[in-house]
2 protein chains.
Amino acid sequence: MDITNVSSIEESLINDKLNRTEADFDQIDARVKEIINDVKNFGDEALKKFTEKFDGAQLTTLKVSQAEIDAAYESIDEEFINVLQEAKQNIIDFHQAQLEKSWLNYKNDGIILGQKVTPLDRIGVYVPGGKAAYPSTVLMTVLPAVVAGVNEIALVSPPDKDGNVHPYVLAAAKIAGVQEIYRVGGAQAIAALAYGTETIRPVDKIVGPGNIYVARAKKYVFGTVDIDMIAGPSEVCIIADEKQNPVFIAADLLSQAEHDEMAASILVTNSTELATAVQKEVENQLAKLERKDIARQSIDQYGQIFVVDTLDEAFNVANIIAPEHLELLVADPFANLSKVKHAGAIFLGPYAPEPLGDYFAGPNHTLPTSGTARFSSPLGTYDFLKRSSVIFYNQEELEKVKNQVVHFANEEGLGAHANSIQVRFNCEV
Amino acid sequence: MDITNVSSIEESLINDKLNRTEADFDQIDARVKEIINDVKNFGDEALKKFTEKFDGAQLTTLKVSQAEIDAAYESIDEEFINVLQEAKQNIIDFHQAQLEKSWLNYKNDGIILGQKVTPLDRIGVYVPGGKAAYPSTVLMTVLPAVVAGVNEIALVSPPDKDGNVHPYVLAAAKIAGVQEIYRVGGAQAIAALAYGTETIRPVDKIVGPGNIYVARAKKYVFGTVDIDMIAGPSEVCIIADEKQNPVFIAADLLSQAEHDEMAASILVTNSTELATAVQKEVENQLAKLERKDIARQSIDQYGQIFVVDTLDEAFNVANIIAPEHLELLVADPFANLSKVKHAGAIFLGPYAPEPLGDYFAGPNHTLPTSGTARFSSPLGTYDFLKRSSVIFYNQEELEKVKNQVVHFANEEGLGAHANSIQVRFNCEV
């Protein structure tokens, strides 16, 4: 893990170190478009064809039966069910605090302006399949929609060779309250959710993580439906002062690094001693990890320790990185919160490690990655709500401003707009 | 203008009537990608090349000087300046009501969860050029960002053949408080805002309407930066009972129709008499409009009158359409507001015609079009704010849940995640 002294805050230096460059997706996009068009044209038949091709499963039915869901749930040990239930309650509690109310402002008797907040009708959730199953993904993507009041939630997840969706995914879906589950993944699943097939009715928004085909398919269908975000490799940035425990820091960096080879683990500190201690401790802990091959590649390629002169500079560096996860291991982290401009989730103090947020505390673990925290937010209840403006004027109030509106319309050359005001006061058309 | 009786609510019938089909943008996308790559590779030089090619202007400077902005402002008659100032105040008032606060929930001494709300650093606003200039677009796109607290706002707008940005755009920009303006439009302007050039520093989000090249370029750069929405043709849907004035309704339908040939103007009513009267009145008024050629094409292609049995059915039809603008010309529109599920902006009663909202009332006129109100909101202050989750646990509280988090991490096969909890309680790595 490299240690770099950052004496002057150079945005380009930091971005170079993180290897943040935009890839070219032309070939993947061409393939994704073919898959999407096939699903548009051939519906279920195309879904089954691609599932055989990519997942090696010959499907008879796309929809997972309630009996299958129940059986999956029954197969899980009770202790883990309890953990999932506890996590569910924490996630619901946090996301309820994000609910928005409709409002009306009564300017006077004749002017009322407001905003009506309405949940989306129907959404789709993508849950990756493969060897590892992520029940946490199910809870984190489904529950905000449940809290928002979305009526219909369709979950898709690629099956194994026998056509089965992972029992952890099914069990978590049952716990979250999802009844509509389809055994299909990849770009084909995104196409089905966006355009519909005989079996799968189209949704209004698609959320959830996936591989690069899923991500590019989501970008392709964006506009026809809404999407949450286009997720890239994830990262953690830890700001630590000289008093922090290098063992904690190394463990937290490695918890990010084990995700995948592209994950970035970054420490920013004002202490050279801590930097050296963490560098050594990362090596110690890494050797003992089950997923050490992945973590090793991640640490070697994207692991970075930046040493700065002052903690204020550390915050500047973190704001340039705009990390998905930011840990503040400093004295009085609450007082320093105002220095954080860009981060997906902020973990305060030595006893709020990132995995606590990944699984359990309640805030969402679906976060803006790769610097997109500059402009995006965690997945939240607000993702499943939309707003409509509300405008009421009575005759008297419209009359007071009619000349202004007509003037404005005429300046823009839109005579019918002016006319719509004028006819209400008996002007000639 | 066709009258159709809709006795049973058939989503497919309504969508067929509105000709809502997805176009293929392959050729445009290929051209857009070339332009974007050219700007990425050659920066300002490419911007000047494309401006000469598409706008016929040979530019010496890209940035509009303060002297030009001031001169444009001075050239506007004082009465219109006053109208713009009044509109500005109304827009600011409404968008201030959309501001979101950061919050912290103190679950107990040891668990504090919250959400930090931060404005975006730097945004770009696209304002179309051409013969018609839309100062209303400037106010509606810039002011929500100003209210949100965005520090840097870069505005781009294509120049005329002499290299000048329309004086109305410059004057409105000055009124809205924008100082950074570039004379460049099209896909090349979007590329400059997303990736930066020698003169234009990249932004975090791009908002504002534009032609199909601008829209596709925005979709292309989405992910690198955020965008507001991909706008399609606009529409108005009017729900009216038998007591409403056909003159008002025809004028409002035509105010939408004059926008462009693709605009859709739709009346849904429970009265055959009103339907016939509006049909006739549209013809009367249309003949006298300045922009009658555009309005004629729009009405003939996309104008629709749906006659339903009951007003409740009218709301069902409107929810299927999910219109950009929805006028409720019914007795007691407030009591009926709960029936509206999908609409960009809702105009209540006979004295809140759509143009009042386009220019003056305060709510944004940048609205989700073509049915995307099913999942999107008007442009608002929230578009320029983002959220970060905040998580604090103390040692005691983490200890209480450590087994659950470790269990969850191990079930997902992520040992380093479990380790990050365990090292904090002196377990062996």
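Please read these numbers as outputs of a predicted model, since none were measured by experiment.

Enquirer: Mind showing me how you'd approach the sheet that holds strand 11 (residues 304-307) of chain A here?
Expert: Strands pair in a sheet through their backbones, by hydrogen bonds, and they do so in one of two ways: parallel or antiparallel. The mixed open sheet is built from nine strands, whose spatial order is 1(A)-11(A)-10(A)-9(A)-12(A)-13(A)-14(B)-3(B)-2(B). The sheet is open, and its two edges are formed by strand 1 (2-5) of chain A together with strand 2 (103-108) of chain B, each paired on a single side. Neighbour-to-neighbour, the strand axes of the sheet open up by a mean angle of 20 degrees, direction not taken into account. In this structure, strand 3 (residues 111-119) of chain B lies alongside strand 14 (residues 385-393) of chain B, joined through nine bridges in antiparallel fashion. By the bridge assignment, glutamine 115 of chain B is partnered in strand 14 of chain B with serine 389 of chain B.

Enquirer: Help me out: how do you make sense of the sheet that holds strand 6 (residues 180-182) of chain A in this one?
Expert: Residue and element names in this part refer to chain A. Strand order across the open sheet formed by five strands is 6-5-4-7-8, with parallel pairing between neighbours. Either end of the sheet is taken by a strand with one partner, and the two such strands are strand 6 and strand 8 (226-227). Two elements, strand 7 (residues 205-207) and strand 8, share two bridges in a ladder whose sense is parallel. Looking at strand 8, one finds that isoleucine 206 is bridged to isoleucine 227. Running at roughly 175 degrees to strand 4 (residues 122-126), helix 8 (residues 186-195) makes contact with strand 4, strand 5 (152-156) and strand 7 of the sheet.

Enquirer: Teacher, can you tell me more about the domain arrangement of chain A here?
Expert: One widely used convention gives an interface's size as the accessible area the parts lose upon coming together. What the domain assignment lists for chain A is domain 1 (26-227), domain 2 (232-375) and domain 3 (394-425). On a C-alpha basis, the centres of domain 1 of chain A and domain 3 of chain A stand 46 Å from each other.

Enquirer: So what exactly am I meant to see when it comes to the relation of the copies chain B and chain A here?
Expert: Between the two copies of the chain lies a rotation about an axis combined with a shift along it. For the pair chain B and chain A, the best superposition has an RMSD of 0.0 Å and corresponds to a rotation of 180 degrees with a translation of 0.0 Å parallel to the axis. The transformation just described matches what one would write down for a two-fold rotation axis. Of the C-alpha atoms belonging to chain B, the one lying closest to the rotation axis is found on lysine 219 of chain B, 4.1 Å away. Counting the interface residues of chain B, we find that 100% of their copies in chain A are interface residues as well, pointing to one common contact surface.

Enquirer: What is the right way to look at the interface of chain B and chain A in this model?
Expert: Each partner contributes residues to the interface: chain B has 124 residues there, and chain A has 124 residues. Here chain B meets chain A over a buried area of about 11000 Å², counting both sides, of which 59% is carbon and sulfur. Taken together, chain B and chain A are joined by 10 salt bridges. For aspartate 121 of chain A, the salt bridge is made with lysine 341 of chain B, and the minimal N-O distance between the two is 3.4 Å. Counting across the chain B and chain A interface gives 63 residue pairs in polar contact (both at pLDDT 80 or more). Top contributing element to the side of chain B that touches chain A by residue count: helix 16 (residues 395-411) of chain B, with nine residues. Among the residues forming the side of chain B that touches chain A, the class breakdown is 66 nonpolar, 30 polar and 28 charged.

Enquirer: Honestly, the packing of helix 2 (residues 26-42) of chain B against helix 9 (residues 212-221) of chain B in this entry has me stumped. Any pointers?
Expert: Any two packed helices are characterised by the angle at which their axes cross and by the distance between the axes. Residue and element names in this part refer to chain B. Close contact between helix 2 and helix 9 brings their axes to 9 Å; oriented N to C, the two are set at 70 degrees. Classified by the interaxial angle, the pair formed by helix 2 and helix 9 is roughly perpendicular. Crossing of helix 2 over helix 9 shows right-handed handedness. Together, Ile28, Asp29, Arg31, Val32, Lys33 and Ile36 of helix 2 and Ile212, Tyr213, Arg216, Ala217, Tyr220 and Val221 of helix 9 make up the contact between the two elements. When its residues are assigned to classes, the contact of helix 2 with helix 9 shows eight nonpolar, no polar and four charged.

Enquirer: Sorry if this is basic, but what is going on with the pairing of strand 13 (residues 345-348) of chain A here?
Expert: Burial of strand 13 of chain A is two-sided: the residues Ala345 and Phe347 of chain A facing one way and the residues Ile346 and Leu348 of chain A facing the other way are all buried. Pairing of strand 12 (residues 325-329) of chain A with strand 13 of chain A involves four bridges; the strand directions are parallel. Residue pairing in the sheet places glutamate 327 of chain A in a bridge with phenylalanine 347 of chain A of strand 13 of chain A. Both strand 13 of chain A and strand 14 of chain B contribute to a ladder of four bridges, which runs parallel. Counted as the bridge partner of phenylalanine 347 of chain A is isoleucine 391 of chain B from strand 14 of chain B.

Enquirer: Where do I start with the UniProt feature "active site" (unreviewed entry) in chain A in this structure?
Expert: All names here are of chain A. According to UniProt, the positions carrying the feature "active site" (unreviewed entry) are Glu324 and His325. Within the secondary structure layout, glutamate 324 lies in the loop between helix 13 (311-321) and strand 12. We classify glutamate 324 as buried; its relative accessible area is 6%. Beyond its immediate stretch of four places on either side in the chain, glutamate 324 contacts Ser234, Glu235, Gln256, Ala343, Gly344, Ala345, His365, Leu367, Pro368 and Thr369. Here histidine 325 shows up in strand 12. Other than its neighbours up to four places away in sequence, histidine 325 contacts Glu235, Val236, Cys237, Gln256, Ala345, Phe347, Glu354, Asp358 and Leu367. At 2.9 Å, the side chain of histidine 325 forms a polar contact with the backbone oxygen of glutamate 235.

Enquirer: Would you take a moment to explain the side chain of threonine 4 of chain A for this structure?
Expert: Residues and elements named next belong to chain A. Relative to the assigned elements, threonine 4 resides in strand 1. Classification of threonine 4 as buried rests on a relative accessible area of 12%. Sequence-distant contacts of threonine 4, defined by excluding residues within four places in its chain, comprise Lys17, Gln304, Ile305, Phe306 and Val307.

Criteria and thresholds
Residues numbered from 1 in each chain as written. Chains lettered and ligands numbered in written order. Predicted model: local features only at pLDDT ≥ 70, side-chain atom pairs only at ≥ 80, totals over all residues. Heavy atoms only, no water. Pairing = 2+ DSSP bridges. Helix = DSSP H or I, 4+ residues; strand = E, 2+ residues; numbered from the N terminus. Axes fitted to C-alpha atoms, helices over the stretch in contact; angles between N-to-C directions. Contact = heavy atoms within 4.5 Å. Domains from an automatic or database assignment. Least-squares fit on C-alpha atoms with pLDDT ≥ 70 in both. Buried area = accessible area lost by both parts, 1.4 Å probe. Salt bridge = Lys/Arg side-chain N within 4 Å of Asp/Glu carboxyl O. Polar contact = N/O pair within 3.5 Å; in protein donor to acceptor, adjacent residues only side chain to side chain. Nonpolar A, V, L, I, M, F, W, Y, C, P; charged D, E, K, R; others polar. Parallel < 35°, antiparallel > 145°, perpendicular 65-115°, else oblique. Left-handed = near helix turned anticlockwise from the far one by under 90°. Buried < 20%, exposed > 50% of the residue type's maximum accessible area, 1.4 Å probe, protein only. UniProt positions renumbered as here; feature names shortened; annotations may be inferred.

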